[in-house]
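A look at the structure
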Amino acid sequence: MVHLDGDITVSDGHLVFDGVDVVALARRVATPFFVFSPRRIRWNVSAMVNAFTRRHLDTEIFFASKACSNLWFLDQVRRAGINLEVNSGGELWKAQRAGFAPAQIIFNGVAKTRDEIRAAVEAGVRALVVDSVYELERIAEVAAAVGRPAAVDLRVDVNVATLTHPGLVTAHGGKPGIDLDDALEAFAFAGAHEALAPRGLHLHIGSQITGVEPYLAAVEKGLDLIEAVAAAGVPLDHLNAGGGFAIPYRDQPVCEPVDYFCSALTIDDYAEAICGVLERRRPGLKLLLEPGRSISGNTALLVTTIENTKVKGLRDAAGRRVGDERWLTVDAGFNTLLEHTNYRWYYRTVVASRAAEAADTPFRLAGPLCDGGDVFAGDDDTPYRSFPAATAPGDVVVFFDAGAYSLEMMNPYNARPRAAAYAAHEGEIQMIRAADTLDDLIACDVEPGASTAATRAGGKAPAGS
Ligand code: LLP
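Keep in mind that what you see is a predicted model, and the values were worked out from it rather than measured.

Scanning the model with the defined rule gives 17 aromatic pairs in all. On the basis of an interplanar angle of 70° and a centroid distance of 6.4 Å, the ring pair of Trp-72 and Phe-73 is categorised as edge-to-face. With respect to burial, Trp-72 and Phe-73 carry one shared label: buried. Aromatic side chains Phe-376 and Phe-399 sit 4.8 Å apart centroid to centroid with 45° between the ring planes, which places their arrangement in the tilted category. Placement of Phe-376 in the loop between strand S17 (361-366) and strand S18 (385-387) and of Phe-399 in strand S19 (residues 396-399) is noted, with a sequence separation of 23 residues between them. Each member of the pair, Phe-376 as well as Phe-399, is classed as buried. An aromatic cluster of three or more residues is present, and its members are Tyr-249, Tyr-260, Phe-261, Trp-345, Tyr-346 and Tyr-347. One Lys or Arg, Arg-250, reaches over the ring of Tyr-346 and ends 4.4 Å from the middle of that ring.

The following block contains the structure:
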């Protein structure tokens, strides 16, 4: 069943996204491609800003650019009035290219190089979020050499259990952050160092978190720590509660607690939880947030074409044929939607060219890559997607909620050009990213026989300056 949001409709059997017939578009330009809705970006930003500032006025939102750092997208976010979180020298560089002022940028990361730290300190970002005591010393050293104290937040693992995909847990003995037991000492060190200016506590607890309880626990623990840090003589002016708000990838009437693709929560629920604790305990403390998925996730569709079909036998353990399976292969796989195999992520699909037909026939759905893992997860607990019975090569399949961690994580595996992206608005289309050309596929290869002088300078990636 297609869940039709207000700006997704069906006309003449075709799916229409903000006035754009995606089937007609797929026949005009090469698939696969992403199509974004600037209207949805603005909706999501204003829903987020309103939900939090209504309950806690002193809230600032920093979009997590790793979710989608396309320059057009960053420009939309900036114009919508929020700031940016970056995670590398490359993301810092893109943020500045997109027009964000340094005071609008927070710099995160679990392995910052000295070059990245220098670029962030020289630019004067709002805060570098520190991942370890070792890194605190490294930042102090670089800041002293630059001759400007570094504003720092300390990321602390507040050790709360989160109900989400096991790969996305970050605050329960995962990779990021300083151990809670060492946090007080780390803040005291930062407070005493003249090259460091400690400003806040950072506690991003994971992604696609489908309950509010982890936030309640994390904010309580964070405020306890902020009080202890203040008592030790280091007053902080903000709590950064990170991002992680879930979006409903799966459309179910009732969500099972273990189904992290299904979420019944709204941004108001998260705001109520986080701001509720803050207002009760520290109404004067500034709140920072770093949402990614909940800003960009539902703003894009991925549009693909079916290229192949077949029927294969379904066999039991003894090899006897016990039924048939109908397969469909589309032109986008984990080169375009990496998370479908990386995390077995679930994206709703609909046959956009048969949007008015009953979707009642089970199909296996696969990507085009020469890799046995490039098969899409099925609906519910089955390996199958329900599509109209007549679905066949040439039909257009759309993946919903493809705006977070997708465009961003594309790769050219099997020498498949990375996809283009368009923005759709009231029937008009604008290209916001070209597909790779064949030349792009070899742009960084050194051609056999080329003189080394003719190749690019080898070595380091940009540090962000
Ligand atoms: N802040 C920090 C420090 C983060 O590590 C992340 C996400 C965010 C904010 C934004 O979280 P969000 O609001 O988007 O949940 N590739 C994976 C997601 C990795 C998330 C990484 N960190 C995926 O496709 O699910």
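Having seen the model, we can carry on.
Attention now goes to the layout of surface pockets. One number sums up the size of the second largest pocket: a volume of about 550 Å³. Those elements that provide at least two residues to the lining of the second largest pocket are helix H2 (38-53) and helix H9 (267-281). When residues in the lining of the second largest pocket are grouped by element, the largest group, four residues, is from H2. Tallied by class, the residues present in the lining of the second largest pocket amount to nine nonpolar, seven polar and seven charged.

Relative to the elements of secondary structure, Gln-252 occurs in the loop between strand S12 (238-240) and H9. Distance from Gln-252 to Arg-28, taken between C-alpha atoms, is 34 Å for residues 224 residues apart in sequence. Those residues in contact with Gln-252 that sit more than four places away from it in its chain are Asp-259, Cys-262 and Asp-380.

Right, let's talk about the domain arrangement of the protein for a bit. On domain assignment, one finds that the protein holds domain 1 (8-34 + 301-417) and domain 2 (38-297). Each of domain 1 and domain 2 has a C-alpha centre, and these two points are 34 Å apart. Facing the 19 residues of domain 1 at the interface are 23 residues of domain 2. Between domain 1 and domain 2 the total buried area reaches about 1900 Å² when both faces are included, carbon and sulfur atoms providing 52% of it. Our enumeration of links across domain 1 and domain 2 arrives at one salt bridge. For Arg-39, the salt bridge goes to Asp-18, with nearest N and O atoms at 2.7 Å. Where domain 1 touches domain 2, the interface holds seven residue pairs in polar contact (both at pLDDT 80 or more). The residue inventory of the side of domain 1 that touches domain 2, partitioned by class, reads ten nonpolar, two polar and seven charged.

Conventions we followed
- In every chain, residue numbers begin from 1 and rise along the written sequence.
- With the structure being a predicted model, the display of local features is reserved for residues of pLDDT at least 70 and the display and counting of side-chain atom pairs for 80 or more, all residues being used for whole-chain, interface and lining totals.
- Each side-chain value is worked out from all heavy atoms of the structure, with water and hydrogens disregarded.
- Any pair of Phe, Tyr and Trp rings, taking the six-membered ring for Trp, is counted once the centres come within 6.5 Å. Such a pair is stacked with planes under 30 degrees apart, edge-to-face with planes over 60 apart, and tilted for the rest.
- The classification of residues rests on relative accessible area computed with a 1.4 Å probe and restricted to protein chains. Under 20% of the type maximum is buried, over 50% is exposed, and intermediate values are partly exposed.
- By the criteria applied, helices consist of DSSP H or I runs no shorter than four residues and strands consist of E runs no shorter than two, each listed in order from the N terminus.
- Note on criteria: charge over ring means Lys NZ or Arg CZ within 6 Å of the ring centre, with the direction from the centre no more than 35 degrees off the ring normal.
- In this analysis a 1.4 Å probe is tested at points of a 1 Å grid over the protein atoms alone, and where it fits but cannot get out there is a cavity; an open set with protein on both sides within 12 Å along at least five of seven lines is a pocket; lining residues have an atom within 4 Å of a point.
- Grid points are joined across faces, edges and corners, and a volume is the space filled by probe spheres set on the points.
- Three categories are distinguished: nonpolar for Ala, Val, Leu, Ile, Met, Phe, Trp, Tyr, Cys and Pro, charged for Asp, Glu, Lys and Arg, and polar for the others, with Gly belonging to the last.
- Any two residues whose heavy atoms approach within 4.5 Å at even a single point are treated as in contact.
- Domain ranges listed in this record stem from an automatic or a database domain assignment.
- What gets called buried area is simply the loss in accessible area from a 1.4 Å probe that two parts show on being joined, summed for both.
- By definition here, a salt bridge exists when the distance from a side-chain nitrogen of Lys or Arg to a carboxyl oxygen of Asp or Glu is within 4 Å.
- Definition of a polar contact: a pair of N or O atoms within 3.5 Å, with one able to donate and the other able to accept a hydrogen when the atoms are protein atoms, and with sequence-neighbouring residues admitted only if both atoms are side-chain atoms.

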